[in-house]
Amino acid sequence: MFTCHIFRTFAETTNKNHKYYTTNRMNKTWILMAIAAWSTTAQAADGAKQAIISEVPFTQVHLNDVFWTPRIETNRTISIPSAFRECEANGRFDNFALAATRLGHAHYDVKEHRGDFSFDDTDPYKVIEGASYSLAVNYDKQLDHYLDSVINIIALAQEPDGYLTTCVTNNCTRLSGWWGTHKWEKINSHELYNSGHLIESAVAHYRATGKKTFLNVAIKNADLVCRTFGPNEGQIHRPGGHPIIEMALCKLYKVTGNRKYLEGARYFVEETGRCTDGHHPSEYSQDHKPILQQDEIVGHAVRAGYLYSGVADVAALTGDKAYQEALERIWQNMSSKKLFITGGIGSRAQGEGFGPNYELNSHTAYCETCAAIANVYWNYRMFLATGQSKYMDVVERALYNNVLSGVSLSGDRFFYDNPLESDGEHERQRWFGCACCPGNVTRFIASVPGYMYAQQGKDIYVNLYAQGKARIGNIELEQTTEYPWDGNVSIKVAKGSGRFAIKLRIPSWLKASPTNNNLYAYADKAANYSVSVNGQPLYPENIDYITIERQWKKGDVISLSLPMDVRRIVANDNAEDLRQKVALERGPIVFCIEAADQPDHTIFDKYLLATNQLSQHFESSLLGGVIVLDGQAMKVGQNGEVSQVKLRAIPYSTWNNRGPQAMEVWIASMPTAAVPMPLETIASRAQTFSNRGPIQNDAPETALTDSWAGGVNDLWEPRRSSDTSKPYHYWWLKRGTKESISYKFDKEYEVSNVQVYWLDFDHYDGDFRTPESWVLYYKAQDGQWREVEQHSPFTVSKDCYNSVDFKPVTTQELKIVAQLRKGQSGGVLEWKVNHGQPLSADGKKHVGYFEGYEIR
């Protein structure tokens, strides 16, 4: 299973005395000792004890539950091998082989650098990290040998000074837009991002196997980074660009004890936002102002999560309270104004990042899988620094919802973005050109047990609930539970004794707000939880942690009951897209409705009244075994008639495992928020394309081959030109150019009117404005594009449809060519095509019929 086709000969025939070749089986005792030592309470650089709360290594937590255990096993047996195969098939290892050949370290028959991004090297790094975690828990000789072979190739691709970014070593000029003409030229080259993932992967491999082959590569690279970047004369004065180097250097410091790595991490944190070398400030990279001055989370969501995780590491290891206070300010903004109910972050596809406060649109939510993982990293570090349960509430929310949505139940298909609503246009993929998410999933799922417990001196935090055993110091705890499907938890002291406290987290889903603030609130009152020790009930106050301090002995049992009623969530009224809607939640699981489960296969025309009761039960044969919610809802018909229908909800994380179809998390709670199923139009049935190159001399045929486009013919009515709550088309990173969008109908039609609703909104990477001008073309019988004749003005008004009447033409294709404003981009929210009498200016009247379909 774990064989690398291009390296099989290398792995099998390399001299065993070669310095990169390792066949010794790992010493498991040594590994566990090393991991435990790495995870113990860290020391601040000045020697003072700093990290009061420490993680319990995932290798000391052995799950045997019905939820996480099968998912971790699927990750080990399906996701990791699948990701390695994709790395092979897409040339990720070829690039290292080519670099090794160019450097004269080996000879491989690889002709050219493959891939489209300067950070493609990180794909195998992430999967190696996940495989290492898996290896530590479940040793696999074949996997161990496979890792040795690919690590050898990576080591041979490293330059003598420690540099390791293959597109630069391979002088891939095709990607020079990323990296420039020489090493370290551009702030967003991702060279430091590559270094960060290299280090994280190497540390994981060392911790899992005890081998230093990969760790030595990382140390050599980190030494180069610390020599190259810093505050001294002759060094480059610049932050990391795409953060992760900060977290990585902190990990390397913990493993090696070498202070220079901590100082390097601190430098990158302190240099952020200072623009010492004269580069332009950038919200995209959180580089717009120094971190100590930041109070709002902006920019690229993954970068933000990684950066603030690194800042948290530096703050903890150096005892810097100012950075911790800054993180709390930024976190408050994220959790109270920009956090999706699924634990996701990042509302916009543009820049893969944050929009303004309360922009929580469901359909166009980005919620990248990597961003959800980064959100877990950051919140867990905030918990370790403070011991506050609110951070673990976010960890649990992201973990059970957004993160798990990112991978199919089969383990071999992935979401890049995770919307909270779909019209059926979303589907998981086996791989991506920009393949950051699959590798991130493999490394994260393998490490999930490490988030269950924490230790503070002798005291033990129980943060997440899952059946299994945990060894914490000289104490062994045994959890028995069917969480997250059932809230009854038994925790037994299986081994050891002594006086200490066990702290049980009371989840936010048993409180007034899922997020512990006013962003979301439950529309109902929470049921009371209960706890007892050896059958004797305790009566704790409603607090974040139930702290039970006593003289514990072997056989003592805590019984915790966390009632899992179905709860309805409402959003802050500032979140416009969520008004008059409710989300359903049971325990930590957010639910959604999917078309396949509804008798009429529609969802947007439903609304759920407070009086509509929902029942719950477990269905073992559905989606691998899940709790489903069943009940009655109301349906609004096309003529406004209301009827009662059956409704079923499933866990959000399991959607799209039965093919692409409509889905929504936020369900209308009033008839005015339900959307009747619209009638088809010739536009809604059309294929949509956009140009992939410049248009010359107003001639649409001069553009390069068209690419698929969408969002303009989905029949969703915009509220205004800045309404990005539903799909739309935009010309990303195009400014002041001529751009096009076209329809190809299912057959020829006679048309005489179009209506265009232009996009117009602000974005930190460039604003989107109505175009300077535009022209409508049709494809004539001779195959040539011609401008429509006798047309009314091509207007560019905001917040309305721009209606254009013209002499009727019979055609199968229409094309808009728009001249974008100087320095501005643009886009289209909706484009209607009509025939018959012209529509009214507001575009809402039905004026004609075509082939039995109402034309709107």
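See the structure shown above.
Here we summarise the structure given alongside this text.

Reading the values: rules and limits
Residues numbered from 1 in each chain as written. Predicted model: local features only at pLDDT ≥ 70, side-chain atom pairs only at ≥ 80, totals over all residues. Heavy atoms only, no water. Helix = DSSP H or I, 4+ residues; strand = E, 2+ residues; numbered from the N terminus. Buried < 20%, exposed > 50% of the residue type's maximum accessible area, 1.4 Å probe, protein only. Contact = heavy atoms within 4.5 Å. Areas by Shrake-Rupley, 256 points an atom, 1.4 Å probe, with all protein chains shown as cover. Expected span 1.5 Å × (residues − 1). Polar contact = N/O pair within 3.5 Å; in protein donor to acceptor, adjacent residues only side chain to side chain. Core = buried A, V, L, I, M, F, W, Y, C linked by side-chain atoms within 4.5 Å. Pairing = 2+ DSSP bridges. Axes fitted to C-alpha atoms, helices over the stretch in contact; angles between N-to-C directions. Parallel < 35°, antiparallel > 145°, perpendicular 65-115°, else oblique. Left-handed = near helix turned anticlockwise from the far one by under 90°. Nonpolar A, V, L, I, M, F, W, Y, C, P; charged D, E, K, R; others polar.

It is worth spelling out the overall build of the protein at this point. When helices and strands are tallied, the protein shows 17 helices and 33 strands. For the protein, with 856 residues in total, the buried portion stands at 61%. Considering only intrachain contacts with a sequence separation of at least 6, the fraction spanning at least 24 residues in the protein is 71%. Taken as a whole, the protein presents about 31800 Å² of accessible surface, with 48% of it coming from carbon and sulfur.

Right, let's talk about unusual backbone geometry for a bit. Cis peptide bonds are those with omega within 30 degrees of zero, and the linkage from Y483 to P484 qualifies with 10°. Within the secondary structure, P484 sits in the loop between β7 (475-481) and β8 (488-495). A positive phi angle, near 75°, is found at H190, a position not held by glycine. Tracing the backbone through its elements, the reader meets H190 in the loop between α8 (176-179) and α9 (191-209).

One turn of the α-helix equals 3.6 residues, which is why residues spaced by three or four share an orientation. Spanning 13 residues, helix α12 (residues 259-271) covers 18 Å between terminal C-alpha atoms, matching the ideal 18 Å at 1.5 Å per step. Every buried residue of α12 is accounted for by Y261, L262, G264, A265, Y267, F268, V269 and E271. For α12, the elements touching its buried residues are α9, α10 (213-228), α11 (245-256), α13 (301-318) and α14 (321-338). Within two residues after α12, G273 carries a phi angle of roughly 85°, on the positive side.

Counting through the fold element by element, D109 comes out in the loop between α4 (92-102) and α5 (122-137). For D109 and D94, which are 15 residues apart along the polypeptide, the C-alpha to C-alpha distance reads 9.1 Å. Reaching out from D109, the side chain makes a polar contact with the side chain of K111 at a distance of 3.2 Å.

Here the focus is the nonpolar core. In terms of nonpolar packing, the biggest core is built from 211 residues, with W68, F84, F383, F444, Y453, L504 and V665 touching the most fellow members. In contact with Y453, other than residues within four places in its own chain, are E55, V56, V61, Y380, I460, Y461, V462, N463, A470, I472, L477 and Q479. Residues A686, V754, V828 and V833 belong to the second largest nonpolar core, which totals 29 residues.

Another aspect to go through is the pairing of strand β20 (residues 626-636). With nine of its 11 residues buried, β20 lies for the most part within the structure. Pairing of strand β18 (residues 606-607) with β20, which is carried by two bridges, proceeds in the antiparallel orientation. Each residue of the ladder has a partner; that of K606, found in β20, is K635. As judged from the six bridges shared by strand β19 (residues 614-619) and β20, these two strands associate in the antiparallel manner. Bridge pairing in β20 links S615 to D630. In textbook terms, the turn of a hairpin is the stretch between consecutive antiparallel strands, and for β19 and β20 this stretch comprises six residues, one of which, L623, has a positive phi near 55°. Linking β20 back to strand β21 (residues 642-651) in an antiparallel pair, the connection comprises five residues, with G640 at a positive phi of about 90°.

Turning our eyes to something else, we now look at the environment of Q350. Mapped onto the fold, Q350 is located in the loop between α14 and α15 (369-386). Judged by its relative accessible area of 0%, Q350 falls in the buried class. Along the backbone, Q350 and H300 are 50 residues apart, and their C-alpha atoms lie at a distance of 9.0 Å. Filtering out sequence-adjacent residues up to four positions away, Q350 remains in contact with Y728, Y730, W732, F761, H763, Y764 and F768. Among the polar contacts made by the side chain of Q350, one reaches the side chain of Y728 at a distance of 2.8 Å.

What follows is about the packing of α4 against helix α6 (residues 141-156). Each pair of packed helices can be summarised by the angle the axes make with each other and by the distance between the axes. Relative orientation of the contacting elements α4 and α6 amounts to 45°, with a least axis distance of 7 Å. The orientation of α4 relative to α6 falls into the category oblique. α4 and α6 meet at a crossing whose hand is left-handed. Facing F93, F96, A97 and A100 of α4, the residues of α6 in contact are Y146, V150, I153, I154 and L156. Its residues placed into classes, the contact of α4 with α6 shows nine nonpolar, no polar and no charged.

Pairing is antiparallel across the open sheet formed by seven strands, whose spatial order is β2-β6-β7-β8-β14-β11-β12. Strands at the two margins of the open sheet, each flanked by one partner only, are β2 (61-63) and β12 (536-538). Averaged over neighbouring strand pairs, the angle between their axes works out to 20° when direction is ignored. Where strand β6 (residues 468-472) and β7 come together, five bridges link them in antiparallel fashion. Within the sheet, the bridge partner assigned to G468 lies in β7 and is Q479.

Another aspect to go through is the pairing of strand β11 (residues 530-533). Where β11 lies against strand β14 (residues 557-561), four bridges are found, and the strand directions are antiparallel. Looking at the pairing, V531 lines up with L560 of β14. Of the strand pairs in this sheet, β11 and β12 are connected by three bridges, and their pairing is antiparallel. Bridge assignment links V533 to a residue of β12, and that residue is Q536. The hairpin turn running from β11 into β12, its antiparallel successor, is two residues long, and N534 in that turn takes a positive phi close to 55°.

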